[in-house]
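# A structural walkthrough
Spelled out from the first residue to the last, the chains are:
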Amino acid sequence: MSEAAALFDLTGRVALVTGAGQGMGVGITRALAAQGAHVVVNDLDPVKAETAADLLAAAGFTAVAAPFDITDAAAVEDAVRRAEDQLGHGVDILVNNAGVPVGMALGSFRELDPAEWRRYVDLNLYGSLNVIHAVIDGMCDRGWGRVVQISSGAGRTGIAFGISLYGASKSGIEGFIRHLSQEVARSGVTANSLALGLMANAVPGDDSSPAVGALARSVPIGRLGTPADVGAAVTFLASDEAAWLTGQTIDLNGGAVTN
Ligand SMILES: NC(=O)c1ccc[n+]([C@@H]2O[C@H](COP(=O)([O-])OP(=O)(O)OC[C@H]3O[C@@H](n4cnc5c(N)ncnc54)[C@H](O)[C@@H]3O)[C@@H](O)[C@H]2O)c1
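Figured I'd write up the structure that's included with this text. Owing to the predicted nature of the structure, the values given are computational and were not obtained by experimental measurement.

A cluster of nonpolar residues, Leu-106, Ile-159 and Phe-161, forms a patch on the protein surface that exposes about 320 Å² of accessible area. Examined against the element boundaries, Ile-159 turns out to sit in the loop between strand E5 (145-152) and helix H5 (164-184).

Laid out in structure tokens, this is it:
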């Protein structure tokens, strides 16, 4: 019997994941590393970045920490070049996952101080652009690259939840990714957004809590999403096998919204 070919092999690829010190980013780095990628673990918080990179290294994977603020263009450029030197290769896979401003509070547009608007756009639009800018030339020059933008269902669906500026910033970056995908398609680089639905870390309490149970039942699949769900979808988008998939926003939401 012939041996089955391994799908989604990322051996030798360098993957940078932003905001990977906790939450979804941990699942993403874990999944990419398990497929053979060498991982650059970014977070705003240096301790979180170092701890997450150390955990990956302890599990036998290649990982380096790269703490920086994605909204600081010069810091992004410096840190990306340093991480590439450390790993001896340019970034092949970028997962723009940082997207929740520290201390994000819910509030309707009418309640929101205009001084608060900018930080959502700074993080999700300009911050994501800074990181893409630091890696896109290298990807195009080498003729292979993957940009995966972590977005949210709130980028396309209005929700009376008090997250209008967050949703607007996600819509903005999704729009940019569609245009980027067209500009770099002939260079072997794909760019897609992955729009997440209701994830378990967004709801306080564990599976035994009535509030979590009610929310889980509202999802057609019957549970909230996990970092591992996100890691699996990102791994596919980052793979050679996804070479013909670009310019799309893919919903990952347990069937909660179908388009
Ligand atoms: N959790 C959800 O329910 C949910 C739903 C839809 C979409 N998303 C998206 O998934 C992504 C990950 O969400 P999460 O729940 O894991 O977030 P999280 O808040 O648990 O973790 C995000 C990490 O990003 C880091 N970070 C924040 N600002 C940063 C900056 N300027 N530079 C670098 N790092 C920064 C934080 O320190 C934190 O460790 C985000 O883009 C978010 O918008 C999440």
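Turning our attention to the side chain of Glu-174. Counting through the fold element by element, Glu-174 comes out in helix H5. Within the structure, Glu-174 has its side chain in polar contact with the side chain of Ser-151 (distance 2.5 Å). Sequence-distant contacts of Glu-174, that is, excluding residues within four places in its chain, are made with Ser-151, Ser-152, Gly-155, Arg-156, Ser-193, Ala-195 and Thr-249.

Take unusual backbone geometry next. Here Phe-8, not a glycine, exhibits a phi torsion of approximately 60°, which is positive. Here Phe-8 lies in the segment before strand E1 (14-17). You can call Phe-8 partly exposed: its relative accessible area is 26%.

On to the sheet that holds strand E6 (residues 189-196). The strand order across the open sheet built from 7 strands is E3-E2-E1-E4-E5-E6-E7, with neighbouring strands paired in parallel fashion. Strand pairing shows two members of the sheet lacking a second neighbour, strand E3 (63-67) and strand E7 (249-252), which therefore form its edges. Each strand axis lies, on average, 20° off the axis of its neighbour in the sheet, ignoring direction. Bridge count for E1 against strand E2 (residues 38-43) is 4 bridges, and the pairing is parallel. Residue pairing in the sheet places Val-17 in a bridge with Val-41 of E2.

Our focus in this paragraph is helix H1 (residues 24-34). Burial analysis of H1 places 8 of its 11 residues in the buried class, the great majority of the element. Among the residues making up H1, those that are buried are Met-24, Gly-25, Gly-27, Ile-28, Thr-29, Ala-31, Leu-32 and Ala-33.

For the rest of this paragraph, the subject is the site of the ligand. Around the ligand sit 26 residues in total, of which Met-24, Asp-43, Asn-97, Tyr-166 and Asn-201 are the nearest. Within the backbone of Ile-70, a nitrogen or oxygen atom sits 3.1 Å from a nitrogen atom of the ligand. Between the ligand and Lys-170 there is a distance of 2.9 Å, counted from an oxygen atom to a side-chain nitrogen or oxygen. In the complex, the protein chains occlude 91% of the 840 Å² of accessible area that the ligand would expose alone. Mapped onto the shell around the ligand, the elements with two or more residues apiece are E2, E5 and H5. Per-element tally for the shell around the ligand: the top contributor is E5, with 3 residues. A breakdown of the residues in the shell around the ligand according to their chemical character gives 12 nonpolar, 10 polar and 4 charged.

How each quantity is defined
- Residues numbered from 1 in each chain as written.
- Predicted model: local features only at pLDDT ≥ 70, side-chain atom pairs only at ≥ 80, totals over all residues.
- Heavy atoms only, no water.
- Patch = residues over 30% accessible without salt bridge, like charges linked within 9 Å, V, L, I, M, F, W, Y side chains within 5 Å.
- Areas by Shrake-Rupley, 256 points an atom, 1.4 Å probe, with all protein chains shown as cover.
- Salt bridge = Lys/Arg side-chain N within 4 Å of Asp/Glu carboxyl O.
- Helix = DSSP H or I, 4+ residues; strand = E, 2+ residues; numbered from the N terminus.
- Polar contact = N/O pair within 3.5 Å; in protein donor to acceptor, adjacent residues only side chain to side chain.
- Contact = heavy atoms within 4.5 Å.
- Buried < 20%, exposed > 50% of the residue type's maximum accessible area, 1.4 Å probe, protein only.
- Pairing = 2+ DSSP bridges.
- Axes fitted to C-alpha atoms, helices over the stretch in contact; angles between N-to-C directions.
- Near = heavy atom within 4 Å.
- Nonpolar A, V, L, I, M, F, W, Y, C, P; charged D, E, K, R; others polar.

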